[in-house]
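# Fold and geometry: a report
So the chains spell out like this:
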Amino acid sequence: QVSRLAELPYSCCSDDEADGVSLPGDTAEQDPGLWCPVPPKPSPFSRCVRYLAFLWNLLFLLLGLLLLAVGVWGLLAKAALPGGERGAPLGSDPMLLFVLGGLGASTVSLAGCLGALRASPCLLRFFLGALLSFAGLEVLGGLLVLLARWRLRDGLRDLLLLCLLRYQEDPDLQFLVDEVQRSLQCCGLGSYRDWESNPYFNCSAPGVQACGVPASCCQDPLESGSVPNAQCGFGVLALGPAAAGAVLHVGGCGAALGAWLRGQAGAIAASA
């Protein structure tokens, strides 16, 4: 009986082999590639698509890091202004938009880079989900702009008026207002008279800026020189429209900005 039990495994194996049935272990020993298949070699087209996706995401990763660096630099540069005063609060600081935008763009682009390079399904799913989320937010934002364009126009007008009031309080806001007035050749919101609402430019305010406007309103701030004259707009609010028109751009920036946005609507939509 012991000899018969010792012979059973061999007899069973021989019977299975005789019947044409092989055990999994035996098959794996005979052909390891059957149980551990070698992944197919990617085609040249798939490799080209992978490397193009990697380079494209690498470009956006560098742009996102640059945007993040600019935002962090702006926050640190305004951390302590002369006199111990800070600029705008952190929640309303424009540089915070650079930080958040750069952080989001670099994170998504990094996931796309690693997912394309390592062929990671998890990273590629995250990358695709982030792109779809951004696309959905853009579509939703476009619909909201179309549906509430009149309310948005009034809100933009109030925001521009607030920019005039806080012109001297925030260096970023001052730079933005000056660039808009200089590039669009305008002054104020509706006209150059809107600067009277600013507490520093009002004619009843003390100081040399009373009855004045920023130098970015001037038609020729250089005045045939190499250094801009920061006082070219001083005292013009006390002049008549004709005399002020010889020195300033008397038209408001509200209409000029609206016309510029309408002209650039196609480029803005394409870039978005």
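This structure is a prediction, so every number in the text was calculated from the model and none was measured. (Residues numbered from 1 in each chain as written. Predicted model: local features only at pLDDT ≥ 70, side-chain atom pairs only at ≥ 80, totals over all residues. Heavy atoms only, no water.)

## Considering the overall build of the protein chain
Defined as follows: Secondary structure elements follow DSSP: runs of H or I no shorter than four residues count as helices, runs of E no shorter than two count as strands, and numbering proceeds from the N terminus. Partly exposed residues are those whose accessible area sits between 20% and 50% of the maximum for their type, while under 20% is buried and over 50% is exposed, using a 1.4 Å probe and protein chains only. Here, two residues are considered to be in contact whenever any of their heavy atoms come within 4.5 Å of each other.
Assigned secondary structure in the protein chain consists of eleven helices and zero strands. Secondary structure of the protein chain in N-to-C order comes out as α-α-α-α-α-α-α-α-α-α-α. By residue count, 22% of the 272 residues in the protein chain fall in the buried class. Considering only contacts in the protein chain between residues 6 or more positions apart, those separated by 24 or more positions represent 60%.

## Quick notes on the pattern of salt bridges
Stated formally: Definition used for salt bridges: Asp or Glu carboxyl oxygen within 4 Å of a side-chain nitrogen of Lys or Arg.
Throughout the structure, instances matching the rule amount to three salt bridges. Note that Glu169 is salt-bridged to Arg166, the shortest N-O span being 3.6 Å. Judged by relative accessible area, Glu169 falls into the partly exposed class, the value being 44%. Classification of Arg166 as partly exposed rests on a relative accessible area of 24%.

## Structural notes on the UniProt feature "transmembrane region" (unreviewed entry) in the protein chain
Defined as follows: UniProt positions are given in the numbering used here, feature names are shortened, and annotations may be inferred rather than shown by experiment.
Per the UniProt record, the feature "transmembrane region" (unreviewed entry) sits at residues 54–76, 96–117 and 123–147. Its end C-alpha atoms 32 Å apart, residues 54–76 is made of 100% helix and 0% strand. Annotated as 100% helix and 0% strand, the span residues 123–147 places its first and last C-alpha atoms 36 Å apart.

## Quick notes on the nonpolar core
Threshold: In this description, a nonpolar core means a group of buried Ala, Val, Leu, Ile, Met, Phe, Trp, Tyr and Cys residues linked to one another through side-chain atoms lying within 4.5 Å.
By size, the foremost hydrophobic cluster in this structure holds 19 residues, and its most contacted members are Val177, Cys187, Tyr192, Trp195, Val213, Cys217 and Leu248. In this structure Val213 touches Cys187, Tyr192, Trp195, Phe201, Gly233, Val236, Leu237 and Leu248, once residues within four positions along its chain are discounted.

## A few points about a nonpolar patch on the surface
Definition in use: The patch calculation keeps residues exceeding 30% relative accessible area without a salt bridge and links them within 9 Å when they carry like charges or within 5 Å when they are nonpolar (Val, Leu, Ile, Met, Phe, Trp, Tyr). We get accessible surface area from the Shrake-Rupley algorithm with a probe of 1.4 Å; when it comes to residues, only the shown protein chains can shield them.
A surface patch of nonpolar side chains, about 860 Å² in accessible area, is lined by Trp56, Leu59, Phe60, Leu63, Leu66, Leu67, Val70, Leu97 and Phe98. Taken together, the elements giving at least two residues each to the nonpolar patch come down to helix 4 (44–77) and helix 5 (95–118). Among the elements that take part in the nonpolar patch, helix 4 stands out by supplying seven residues, more than any other. Taking relative accessible area as the criterion, Leu66 reaches 53% and is therefore assigned exposed.

## So, the environment of Ser191
When you line up the elements, Ser191 lands in the loop between helix 8 (171–184) and helix 9 (241–245). You can call Ser191 partly exposed: its relative accessible area is 24%. As a C-alpha pair, Ser191 and Val250 span 59 residues in sequence and 5.7 Å in three-dimensional space. If near-sequence neighbours (up to four positions away) are discounted, Ser191 is found in contact with Val250, Gly251 and Gly252.

## Notes on the environment of Leu66
Locating Leu66 in the fold gives a position in helix 4. Along the backbone, Leu66 and Val99 are 33 residues apart, and their C-alpha atoms lie at a distance of 9.8 Å.

## Considering the confidence of the model for the protein chain
Let me state the cut-off plainly: Here pLDDT means the predictor's own confidence in every residue, given as a number from 0 to 100.
Overall, the prediction assigns the protein chain a mean pLDDT of 77, with 75% of residues at 70 or greater. When pLDDT is averaged over each helix and strand of the protein chain, the minimum, 46, is found for helix 1 (residues 2–19) and the maximum, 88, for helix 5. Note on residues 5–30: pLDDT is under 50 here. Beyond four places in sequence and across chains, it has eight contacts. Here residues 83–87 is a poorly scored stretch, pLDDT under 50, and it has six contacts once near neighbours within four places are set aside; other chains count.

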